[in-house]
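Structural overview for review
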Amino acid sequence: MRRVYLDNNATTPILPEVFEAMKPYFGEHFGNASSIHHHGQETRAAVERARESVAGLLGCQASEIVFTSGGTEADNLAIFGVLSEVLTAGVAGSHVITSTVEHHAVLNACKRLATLGCDVTYLPVDGQGQVDPDDVRRTLRPSTKLITIMMANNETGVVQPVEEIGKTAAEGGVRFHTDAVQAVGKVPVDVGRCGCDLLTLSGHKIHAPQGVGALYVKKGLQLRPMLYGGSHERSRRAGTENVPGIVALGKAAELARQSLDAGGGRTMATMRDRLQTAVSEAVEATGVNGGRSPRVPNTTSIYFDYIEGESLVIALDLKGLAVSTGAACSSGAIEPSHVLMAMGLEPDRARASIRFSLGKQNTAEDVDFAISLIPQVVGRLRELSPVGKVLGGN
Ligand code: PLP
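What you see is a predicted model, and the numbers here were worked out from it, not measured in a lab. (Residues numbered from 1 in each chain as written. Predicted model: local features only at pLDDT ≥ 70, side-chain atom pairs only at ≥ 80, totals over all residues. Heavy atoms only, no water.)

1. Observations regarding the packing of helix α10 (residues 264–282) against helix α14 (residues 364–383)
For the pair α10 and α14, the least separation of the axes is 10 Å and the interaxial angle reads 15°. By the angle between their directions, the pair α10 and α14 is classed as roughly parallel. Handedness of the α10/α14 crossing: right-handed. Contacts between α10 and α14 involve Met271, Arg274, Leu275, Ala278, Val279 and Ala282 from the former and Ala364, Val367, Asp368, Ala370, Ile371, Ile374 and Pro375 from the latter. When the residues that make up the contact of α10 with α14 are grouped by side-chain class, the tally is 11 nonpolar, no polar and two charged. (Axes fitted to C-alpha atoms, helices over the stretch in contact; angles between N-to-C directions. Helix = DSSP H or I, 4+ residues; strand = E, 2+ residues; numbered from the N terminus. Parallel < 35°, antiparallel > 145°, perpendicular 65-115°, else oblique. Left-handed = near helix turned anticlockwise from the far one by under 90°. Contact = heavy atoms within 4.5 Å. Nonpolar A, V, L, I, M, F, W, Y, C, P; charged D, E, K, R; others polar.)

What follows is the structure in structure tokens.
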């Protein structure tokens, strides 16, 4: 059976060039990057090359990159790294600003901060999924220690006005972290332009393997480590480096940069828009969530009224098309997406929403396959729903 994978916001396949680059570090180049002999020096050099490459993608210095085990760890390191100082000093009423549409890596870290006595403001988003930068300005307090607002949403692809938020943060002398896991590699990201002090990225969203990521930490920012051990990563993240993963991340960053320079984002957006338009035209009672906001070029979230999103995911999978209801971790849960609910969707419509996310490996034929399949599968499912039956699916 033909299988097409349009769930690249959950994870991406490792590109062949990336796999080739990391392979020797499982075999002949096995050294511990902290060892001073030949074997260690070889892997140390590879880790530092990868650091240069990731820094090149973000427009920062190599020394500002801290390798982690992924996006979740980088988000936690940013949030607790900035806040731990005040928390351990027992400063009551420290304040953090975030948004209602963050990934759980940020939301649950903020929830933990709240249990430790920190005040957390969850800024709302508008119907198109965007935070109002004026809300950030209005919410700032003298006790605000951190603003953490994502660059691009994993479910809708909606891009937040991070540059304006960065300016507000700088004016207020407040640290600004952005979770850019779903933006890096899809749109140009420059930490200077964005005005952030900390930025998260994850390897497996840019065609490197799962279990590796990085945190950009602006020069001079004192970050409390979360792990205590050796002085790896300039004492910001203890633990022997995941050399094959880091080498892969470096290669993926290099390829992402080349592809962005060559206009890869525009090609991706053309495919995504074709999919979105064809599906919307062929199927009644659909709409694009956040479609009027700026979005990363690979993502579209579409609702199919009178359908249970989970059922549609399963029905499409049986025909060979892999998509998702949104955040991978919430698949299987009955709760509607917190992101779509925050945008004001009714629970039924939120549950009827499907995320399509393209990757570098996808072709125009993959999009044709999806376009040919979706109307018939939606039609069949609507036959089973009393209201959907009236629409007949198309
Ligand atoms: N932040 C966002 C926006 C994500 O989409 C994800 C993963 O889905 C993460 C953080 C977590 O990254 P990782 O899977 O590398 O821990």
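2. Some thoughts on the environment of Leu58
With respect to the secondary-structure elements, Leu58 resides in helix α2 (residues 38–58). With a relative accessible area of 0%, Leu58 lands in the buried category. The spacing of Leu58 and Ala180 is 122 residues in sequence and 10 Å in space, taken between C-alpha atoms. Apart from residues lying up to four places away in sequence, Leu58 is in contact with Ile65, Val184, Val189, Asp190, Val191, Leu199, Leu201 and Tyr216. (Buried < 20%, exposed > 50% of the residue type's maximum accessible area, 1.4 Å probe, protein only.)

3. Overview of helix α11 (residues 309–318)
Turning to α11, its buried residues number three or more, namely Gly309, Leu312, Val313, Ala315 and Leu316. Where α11 ends, the next residue or the one after it, Gly320, has phi of about 105°, a positive value.

4. Quick notes on the site of the ligand
Lining the immediate surroundings of the ligand are 13 residues, of which Gly71, Thr72, Asp179, Ser202 and Lys205 lie closest. Contact between the ligand and His103: an oxygen atom at 3.4 Å from a side-chain N or O atom of the residue. A distance of 2.7 Å separates an oxygen atom of the ligand from a polar atom in the side chain of Ser202. Among the residues forming the shell around the ligand, the class breakdown is two nonpolar, eight polar and three charged. (Near = heavy atom within 4 Å. Polar contact = N/O pair within 3.5 Å; in protein donor to acceptor, adjacent residues only side chain to side chain.)

5. Section: the nonpolar core
Ranked by internal contacts, the top residues of the largest apolar core, which has 63 residues, are Leu58 and Leu199. The leading source of residues in this core is helix α9 (residues 243–261), at 10 residues. Setting aside chain neighbours within four positions, we find Leu199 in contact with Leu58, Met151, His177, Thr178, Ala180, Val184, Val189, Val191, Ala214, Leu215 and Tyr216. Among the nonpolar cores identified, the runner-up in size contains 27 residues, and Met271, Ala315, Val367 and Phe369 belong to it. (Core = buried A, V, L, I, M, F, W, Y, C linked by side-chain atoms within 4.5 Å.)

6. A short note on unusual backbone geometry
Not every positive phi belongs to a glycine, and Arg234 is a case in point at roughly 50°. As for its placement among the helices and strands, Arg234 is situated in helix α8 (residues 232–235). A relative accessible area of 62% means that Arg234 is categorised as exposed.

7. Quick notes on α2
Here α2 spans 31 Å end to end across 21 residues, near enough to the 30 Å set by a 1.5 Å rise per residue. Buried within α2 are the following residues: Gly40, Thr43, Ala46, Val47, Ala50, Arg51, Ser53, Val54, Ala55, Leu57 and Leu58. Where α2 is buried, its residues contact β2 (65–68), α7 (191–194), β7 (198–202), β8 (213–217), α8 and α9. Just downstream of α2 lies Gly59, where phi reads positive at about 70°. (Expected span 1.5 Å × (residues − 1).)

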